[in-house]
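Remarks on the overall topology
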Amino acid sequence: MAAVAGQERRARGRPRPETLGVIPRREGGGAGLSRAFKPLARSPLSCETSLRKLTFKGKHGSVSADEAARTAPFHLDLWFYFTLQNWVLDFGRPIAMLVFPLEWFPLNKPSVGDYFHMAYNVITPFLLLKLIERSPRTLPRSITYVSIIIFIMGASIHLVGDSVNHRLLFSGYQHHLSVRENPIIKNLKPETLIDSFELLYYYDEYLGHCMWYIPFFLILFMYFSGCFTASKAERWMPGPALLLVAPSGLYYWYLVTEGQIFILFIFTFFAMLALVLHQKRKRLFLDSNGLFLFSSFTLTLLLVALWVAWLWNDPVLRKKYPGVIYVPEPWAFYTLHVSSRH
């Protein structure tokens, strides 16, 4: 019995033939190896997508392949609201001030046009933000938010200056004359009061317009930069868009002439044209939203050219708008040739 027990102990000490050359497997080792090499087991589709993103990667630069494939439909609701509120709240603002009885809105209180302007200062930034949200291209948020803030500041500065200037119409102020040449101002005493009115005019016509319109056109251009597609089916404007081009282009004519921002407008227009030609070399074309905006600006440029040609030889307006760039304001034309007859 003792001999048999010794043989069993020696047998347990020797390795079995079927286990020779086999690496002992640690518990849980297989799962660890599968987890370690799991990231390498990507599908070909995900690798292709990653490669395409790396190929077209650029910080807010040219339109990528993914962005070109994501074409937005025509934003009929936004463009309609945008055009409607521009005509009612901006163009109709001074007209409403003249139409409504003065007893309802005394000269020492805000006019109905001022309330229109307040509504414009709230609704327009909201519509611009919604327009940016619907862009198929990811736009820089920091520039967008800073532009909206400056836009609101400029429009608010213009609200105060424009309110006083239009109220002066009831006292005989003439828009086709400079501040110092106006009959109701040139005889003010002391003369430092004239400097105060010139400061008010500066805030209204220069600082307010710059802080209002530069961010406005910058946001439109940033949105326009994402309106390109490689799809042939998206290169045409629908019927409602064609109907909106005329009122939209006519409003921008009023904006450019009354706001005296022809240089800013023509710079934006040629920047848009250069971008269109650049993207065309990549076989990317404007979608319906881009075509609508570009067509509106083209119509605006044509109307401004006709307006300037019509008033080219007007001696009074030539005196108020000297220099190479001669773009008379519609309200200056109104006070000179329309209201003076009545």
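Residues numbered from 1 in each chain as written. Predicted model: local features only at pLDDT ≥ 70, side-chain atom pairs only at ≥ 80, totals over all residues. Heavy atoms only, no water.

- As annotated in an unreviewed UniProt entry, the chain is CLN6 transmembrane ER protein from Colobus angolensis palliatus.

**Observations concerning the overall build of the chain**
- The secondary structure content of the chain amounts to 13 helices and two strands.
- Within the chain, the fraction of its 342 residues that count as buried is 41%.
- Expressed as a percentage of contacts within the chain between residues at least 6 apart in sequence, the contacts between residues at least 24 apart total 78%.
- For the chain, the exposed surface amounts to about 20100 Å²; the carbon and sulfur share of it is 67%. (Helix = DSSP H or I, 4+ residues; strand = E, 2+ residues; numbered from the N terminus. Buried < 20%, exposed > 50% of the residue type's maximum accessible area, 1.4 Å probe, protein only. Contact = heavy atoms within 4.5 Å. Areas by Shrake-Rupley, 256 points an atom, 1.4 Å probe, with all protein chains shown as cover.)

**Here we look at empty space enclosed by the protein**
- Following the criterion strictly, the structure yields six cavities of 30 Å³ or more and no others.
- Put simply, the largest cavity is a space of about 120 Å³.
- Lining the largest cavity are 14 residues, with Arg93, His158, Asp162, Tyr254 and Glu258 positioned closest to its centre.
- Elements represented by at least two residues in the lining of the largest cavity include exactly helix 5 (76-99), helix 7 (141-167), helix 8 (192-224) and helix 9 (239-259). (1 Å grid on protein atoms, 1.4 Å probe; cavity = no way out; pocket = protein on both sides within 12 Å on 5 of 7 lines; lining within 4 Å. Points joined across faces, edges and corners; volume = space filled by probe spheres on them.)

**Some thoughts on the packing of helix 8 against helix 11 (residues 288-310)**
- Orientation of helix 8 relative to helix 11, taken along the N-to-C sense of each, is 140°, at an axis distance of 10 Å. With respect to each other, helix 8 and helix 11 are oriented oblique. Where helix 8 abuts helix 11, its residues Phe217, Leu220, Tyr223 and Phe224 lie against Asn289, Gly290, Leu293, Phe294 and Phe297.
- Partitioned by chemical class, the residues of the contact of helix 8 with helix 11 number seven nonpolar, two polar and no charged. (Axes fitted to C-alpha atoms, helices over the stretch in contact; angles between N-to-C directions. Parallel < 35°, antiparallel > 145°, perpendicular 65-115°, else oblique. Nonpolar A, V, L, I, M, F, W, Y, C, P; charged D, E, K, R; others polar.)

**Here we look at a nonpolar patch on the surface**
- Judged by side-chain polarity, Leu76, Phe80, Tyr81, Leu84 and Val88 come together as a nonpolar surface patch covering roughly 450 Å² of accessible area.
- Tracing the sequence through the fold places Phe80 in helix 5. (Patch = residues over 30% accessible without salt bridge, like charges linked within 9 Å, V, L, I, M, F, W, Y side chains within 5 Å. Salt bridge = Lys/Arg side-chain N within 4 Å of Asp/Glu carboxyl O.)

**Description of the packing of aromatic side chains**
- Scanning the model with the defined rule gives 36 aromatic pairs in all.
- Ring centres of Trp307 and Phe333 lie 5.7 Å apart, and the angle between their planes is 70°; this geometry places the pair in the edge-to-face category. With Trp307 in helix 11 and Phe333 in helix 13 (residues 330-338), this residue pair connects regions lying 26 residues apart in the sequence.
- Between Trp310 and Phe333, the ring centres sit 5.3 Å apart and the planes meet at 50°, which makes this aromatic pair tilted. Within this pair, whereas Trp310 is found in helix 11, its partner Phe333 is found in helix 13, the two being separated by 23 residues in sequence.
- A residue is classified by how much of its surface remains accessible, and Trp310, at 56% relative accessible area, is exposed.
- Here Arg318 stacks its cationic end above the ring of Trp312, 4.1 Å away from the centre of that ring.
- Its guanidinium or amino end placed over the ring of Tyr326, Arg318 lies 4.2 Å from that ring's centre, counting from NZ or CZ. (Phe/Tyr/Trp six-rings, centres within 6.5 Å; stacked < 30°, edge-to-face > 60°. Lys NZ or Arg CZ within 6 Å of the ring centre and 35° of its normal.)

**Re the nonpolar core**
- Trp79, Phe216, Phe224, Tyr252 and Phe297 are the most contacted members of the largest nonpolar core, which totals 58 residues.
- Mapped by element, the contributors of at least two residues to this core are helix 5, helix 6 (112-133), helix 7, helix 8, helix 9, helix 10 (262-280), helix 11 and helix 13.
- Judged by nonpolar contacts, the second largest core, of six residues, contains Val179, Ile185, Ile194 and Tyr201. (Core = buried A, V, L, I, M, F, W, Y, C linked by side-chain atoms within 4.5 Å.)

**Observations regarding the UniProt feature "transmembrane region" (unreviewed entry) in the chain**
- Here the UniProt-annotated "transmembrane region" (unreviewed entry) positions come out as residues 78-100, 112-131, 143-161, 206-224, 236-254, 260-278 and 290-312.
- Span residues 290-312 is 91% helix and 0% strand, its end C-alpha atoms 33 Å apart. (UniProt positions renumbered as here; feature names shortened; annotations may be inferred.)

**Brief notes about helix 11**
- The first and last C-alpha atoms of helix 11 sit 33 Å apart over 23 residues, in line with the 33 Å expected at 1.5 Å per residue.
- Listed as buried for helix 11 are Ser288, Asn289, Gly290, Phe292, Leu293, Phe294, Ser296, Phe297, Thr300, Val304, Trp307 and Val308.
- Among the residues of helix 11, the N-terminal cap falls to Asp287, whose side-chain oxygen and the backbone nitrogen of Asn289 are separated by 3.3 Å. (Expected span 1.5 Å × (residues − 1). Polar contact = N/O pair within 3.5 Å; in protein donor to acceptor, adjacent residues only side chain to side chain.)

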